[in-house]
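So the chains spell out like this:
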Amino acid sequence: MEALIDTHAHLDFPEFSDLEAVLSRAAQKGVAEIITIGIDLPSSAKAVELAQSRPELYATVGIHPHDAFDLDPRSLDRLRDLARRDRVLAVGEIGLDYYRDRQPRPLQRECLHRQLELACEVGLPVVFHIRDAYDDFMSIIKTYVGSLQGVVLHCFSGDWAIARRCLDLGFYLSVPGTVTFPKATKLQEVVRRAPLDRLLLETDAPYLTPVPFRGKPNEPSYVFHTAEKVAELRGASLTEVARQTTRNAHGVFRMEETQSSRWVSA
Ligand SMILES: [Zn+2]
Ligand SMILES: [Zn+2]
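Note that the structure is predicted; figures quoted are calculated from it, not measured.

> How should helix 4 (residues 105–122) be read in this particular structure?
Since the α-helix turns once every 3.6 residues, residues separated by three or four places project in the same direction. Taking 1.5 Å of rise per residue, 18 residues should cover 26 Å, and helix 4 covers 26 Å from first to last C-alpha, within 8% of that figure. Along helix 4, the positions that sit buried rather than exposed are Gln108, Cys111, Leu112, Gln115, Leu116, Leu118, Ala119 and Val122. Buried residues in helix 4, looked at end-on, bunch into an arc of 160 degrees, giving them a common side. Looking at the buried residues of helix 4, the elements they touch are helix 3 (73–83), strand 4 (88–97), strand 5 (126–131) and helix 5 (134–144).

> Could you clarify how one ought to interpret the coordination of the zinc ion (ligand 1) in this entry?
Tetrahedral metal sites with four donors have an ideal angle of 109.5 degrees; octahedral sites with six donors have ideal angles of 90 or 180 degrees. Within the protein, Glu93 (OE), His129 (ND1) and His154 (NE2) serve as the donor atoms for the zinc ion (ligand 1), at 2.0 to 2.1 Å. Within one chain, the residues donating to the zinc ion (ligand 1) are spaced in sequence as E-x35-H-x24-H. The metal-metal distance between the zinc ion (ligand 1) and the zinc ion (ligand 2) is 3.4 Å, with Glu93 serving as a donor to both. With Glu93 in strand 4 and His154 in the loop between strand 6 (151–153) and helix 6 (160–168), this residue pair connects regions lying 61 residues apart in the sequence. For the pair Glu93 and His154, one class covers both residues: buried.

> What am I meant to see in the environment of Thr239 here?
Looking at where Thr239 falls in the secondary structure, it is placed in helix 9 (residues 238–252). Residue Thr239 is classed as partly exposed on the basis of its relative accessible area of 35%.

> I'm lost on the pattern of salt bridges in this one. Help?
Once the charged atoms of two side chains with opposite charge are near each other, the side chains can pair. Evaluated as defined, the whole model comprises 17 salt bridges. Arg78 is paired through a salt bridge with Asp81; the nearest N and O atoms lie 3.2 Å apart. With a gap of three residues between them, Arg78 and Asp81 both fall in helix 3, about one helical turn apart. Arg78 gets classed as partly exposed once you look at its relative accessible area, which sits at 36%. Judged by relative accessible area, which is 35%, Asp81 ranks as partly exposed. Several salt bridges share partner residues, and in doing so they unite Asp77, Arg80, Arg84 and Glu121 into one network.

> What should I look at first to understand the pairing of strand 7 (residues 172–175) in this one?
Going residue by residue along strand 7, you find Tyr172 and Ser174 tucked away on one face and Leu173 and Val175 tucked away on the opposite face as well. Where strand 6 meets strand 7, two bridges bridge the pair, whose relative direction is parallel. By the bridge assignment, Leu153 is partnered in strand 7 with Leu173. Handedness of the strand 6-helix 6-strand 7 crossover: right-handed.

The rules behind each value
- Residues numbered from 1 in each chain as written.
- Chains lettered and ligands numbered in written order.
- Predicted model: local features only at pLDDT ≥ 70, side-chain atom pairs only at ≥ 80, totals over all residues.
- Heavy atoms only, no water.
- Helix = DSSP H or I, 4+ residues; strand = E, 2+ residues; numbered from the N terminus.
- Expected span 1.5 Å × (residues − 1).
- Buried < 20%, exposed > 50% of the residue type's maximum accessible area, 1.4 Å probe, protein only.
- Arc of directions from axis to C-beta.
- Contact = heavy atoms within 4.5 Å.
- Donors = N, O, S within 2.8 Å, 3.2 Å for Na, K, Ca; no water.
- Salt bridge = Lys/Arg side-chain N within 4 Å of Asp/Glu carboxyl O.
- Pairing = 2+ DSSP bridges.
- Right-handed = clockwise from strand over helix to strand, strands pointing away.

Keep in mind these values describe shape, not function.
Quick look at the structure:
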């Protein structure tokens, strides 16, 4: 079995207090690497700490649109400091959420701009959380696309037309466990039609649990079921899907470079 990567999990959440058990179940399912994602300053700091404690873990740091009120010059300085730490692969998850609308939209956009500037400054790719906001996302990203190291749309939720525009700009689409839901026809179409070399796999654990574990908290080992569904939808082998999506993650997040800088210099 080729190694899988869960490119988006929230391992600092209380659901994962028994981290050893979670990581061992992941390893049993072939999940060799996991990226744990920051959503605010405390979770970003925790993500970095986790990533520096285990060779299979990596981190991202960022402030989620739900926490946009948190961003001020001081927190931005703190985020910049975290972004430069060892084992940090990207700035994220950042973005726009017009579905939940927990923060005023102008504030969400302001928070996004400041963190995109930060990503350009520190030279890291970006993991985006975009819900019901692809139009604004597209107009904002235009300014930055030439200066960003890479763009990942986590939990991609657009239709094929939006996917096509994102692919044309060189972005990666990350596929969550919801692709296993019978009603997820829009996402399934995207997964069928997108080139395999632009897809990533994720859990967004503890959320978005795939079939057959729907109703339970999600965890990184379940990314295996997402990989199986992607293989089925594309008429590809699980081996091919695992190999290519792992290669994609290593490429966009420059994981091998990060690993060697950490483990050679240590
Ligand atoms: Zn998200
Ligand atoms: Zn997330």
